[in-house]
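# Survey of secondary and tertiary structure
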Amino acid sequence: MPYRLDITQGDWPAEELGKGVEGLLAEAMVLTLATAGHDHGPHANLAFFAYDDDLVLYFVSERATRHSHHLAEQARAAATVFLPPPVFGEQLRGLQLTGRAGEAWGRQAEAALAAYQGRYPDFARDDEVRRQFLTGGGAAALYRFQVEELTAVDEPKFGRRHYLRAAVRR
C-alpha cells in the first residue's frame with residue numbers, strides 16, 4: 001500500500017487498520033457522498049465505487065447533478081461506506097471518509113477507468129463510451145475521491161464501539 005495511516009484516535013496497529021479499511025472497501029459496493037454548495041446547501045448521493053491501492057475512490061456521475069456542481073465549486077467532500085449490520089445496534093462495520101473530490105482528467109481518468117473496470121468488468125467496454133469517459137466528452141464523467149482522513153468502525157475486528165481515526169499520508 002503506497003499510503004500510510006497515522007492513527008490519531010484509538011490504539012491499534014496502523015498496518016492492521018489498513019487491512020481492515022481495505023477489507024471494508026472490498027465488501028461494500030456503494031458509498032454515500034456528501035457535498036455542499038453556495039446556492040443549494042448540503043447534499044448527499046449514492047454511487048457505486050471502485051478504489052485503488054493508494055486509497056483513492058472512484059465513482060461515475062452525470063455532470064448535471066447537484067453533487068457534481070458542488071465539486072466543481074469546492075473539491076472538499078465526505079463519504080461513508082458501510083455494511084448492513086446483522087441485527088440492530090450490533091456488529092457495526094463502516095468507514096467515514098473526508099478528502100478532496102473532483103472530476104478525473106488525463107492520467108487520473110485512465111486510473112479511474114482501470115479501477116472501475118477492475119471492479120465492474122462490463123463497465124465502458126464499448127470503445128465510444130470508453131473514449132467519452134477518457135476525453136470528458138459525455139454527459140457522465142469519472143470522479144476521484146482522495147481520502148485524507150478516515151474513521152473506521154469494525155466491531156467484529158476492532159471491538160464494540162471502538163472507533164479508530166487516522167490521517168492518510170502519501
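Structural data are supplied above this passage.
Residues numbered from 1 in each chain as written. Predicted model: local features only at pLDDT ≥ 70, side-chain atom pairs only at ≥ 80, totals over all residues. Heavy atoms only, no water.

## Quick word on the overall build of the chain
- For the chain, the count of helices and strands is five helices and eight strands.
- Listing every helix and strand of the chain by position from the N terminus yields β-α-β-β-β-α-β-β-α-α-β-α-β.
- Across its three principal directions, the C-alpha atoms of the chain cover 50 × 35 × 35 Å.
- Counting only residues that meet the buried cut, the chain has 40% of its 170 residues in that class.
- Taking all contacts inside the chain whose residues are at least 6 apart in sequence as the whole, residues at least 24 apart take part in 68%.
- Distance between charge centroids for the chain: 2 Å, based on 19 positive and 23 negative side chains. (Helix = DSSP H or I, 4+ residues; strand = E, 2+ residues; numbered from the N terminus. Buried < 20%, exposed > 50% of the residue type's maximum accessible area, 1.4 Å probe, protein only. Contact = heavy atoms within 4.5 Å. Lys, Arg positive; Asp, Glu negative; His and termini not counted. Charge placed at Lys NZ, Arg CZ, Asp CG, Glu CD.)

## Comments concerning the environment of Asn 45
- You can see Asn 45 is positioned in strand 3 (residues 41-51).
- Taking relative accessible area as the criterion, Asn 45 reaches 11% and is therefore assigned buried.
- Along the sequence, Asn 45 and Ala 104 sit 59 residues apart, while their C-alpha atoms lie 18 Å from each other.
- Of the polar contacts made by the side chain of Asn 45, one reaches the side chain of His 67; its length is 3.5 Å. (Polar contact = N/O pair within 3.5 Å; in protein donor to acceptor, adjacent residues only side chain to side chain.)

## Considerations on helix 1 (residues 14-27)
- Across its 14 residues, helix 1 extends 20 Å between first and last C-alpha, which sits within 8% of the 20 Å expected from 1.5 Å per residue.
- Along helix 1, the residues classified as buried are Leu 17, Gly 18, Gly 20, Val 21, Leu 24 and Leu 25. Seen from one end, helix 1 has its buried residues packed into an arc of 165°, which puts them on one side. (Expected span 1.5 Å × (residues − 1). Arc of directions from axis to C-beta.)

## Digging into the packing of aromatic side chains
- Scanning the entire structure with this criterion turns up seven aromatic pairs.
- Arranged with centres 6.1 Å apart and planes meeting at 80°, the rings of Phe 48 and Tyr 120 form a pair that is edge-to-face. One end of the pair, Phe 48, is in strand 3; the other, Tyr 120, is in the loop between helix 3 (107-119) and helix 4 (127-135), with 72 residues separating them in the sequence.
- By relative accessible area, which is 15% here, Tyr 120 ends up buried.
- Here the aromatic residues Phe 48, Tyr 116, Tyr 120, Phe 123 and Phe 133 are joined through ring pairs into a cluster of three or more. (Phe/Tyr/Trp six-rings, centres within 6.5 Å; stacked < 30°, edge-to-face > 60°.)

## Description of the packing of helix 3 against helix 4
- At a minimum axis distance of 8 Å, the contact between helix 3 and helix 4 shows a crossing angle of 135°. Taken together, helix 3 and helix 4 sit at an angle that is classed as oblique. The handedness of the crossing between helix 3 and helix 4 is right-handed. Packed against helix 3, whose contacting residues are Ala 109, Glu 110, Leu 113 and Gln 117, the element helix 4 presents Arg 130, Phe 133 and Leu 134 at the interface. (Axes fitted to C-alpha atoms, helices over the stretch in contact; angles between N-to-C directions. Parallel < 35°, antiparallel > 145°, perpendicular 65-115°, else oblique. Left-handed = near helix turned anticlockwise from the far one by under 90°.)

## Thoughts on the nonpolar core
- Ranked by size, the top nonpolar core spans 32 residues in total, and within it Leu 57, Leu 97, Phe 145 and Leu 150 carry the most contacts.
- Where this core is concerned, the elements lending two or more residues are helix 1, strand 2 (30-37), strand 3, strand 4 (56-62), strand 5 (76-83), strand 6 (93-103), strand 7 (140-154) and strand 8 (163-169).
- Looking at this core, the element that brings in the most residues is strand 7, giving six residues.
- Leave out the neighbours within four places in its chain, and Leu 57 touches Leu 25, Leu 31, Phe 49, Ala 50, Tyr 51, Val 81, Leu 97, Tyr 143, Arg 144, Phe 145 and Val 147. (Core = buried A, V, L, I, M, F, W, Y, C linked by side-chain atoms within 4.5 Å.)

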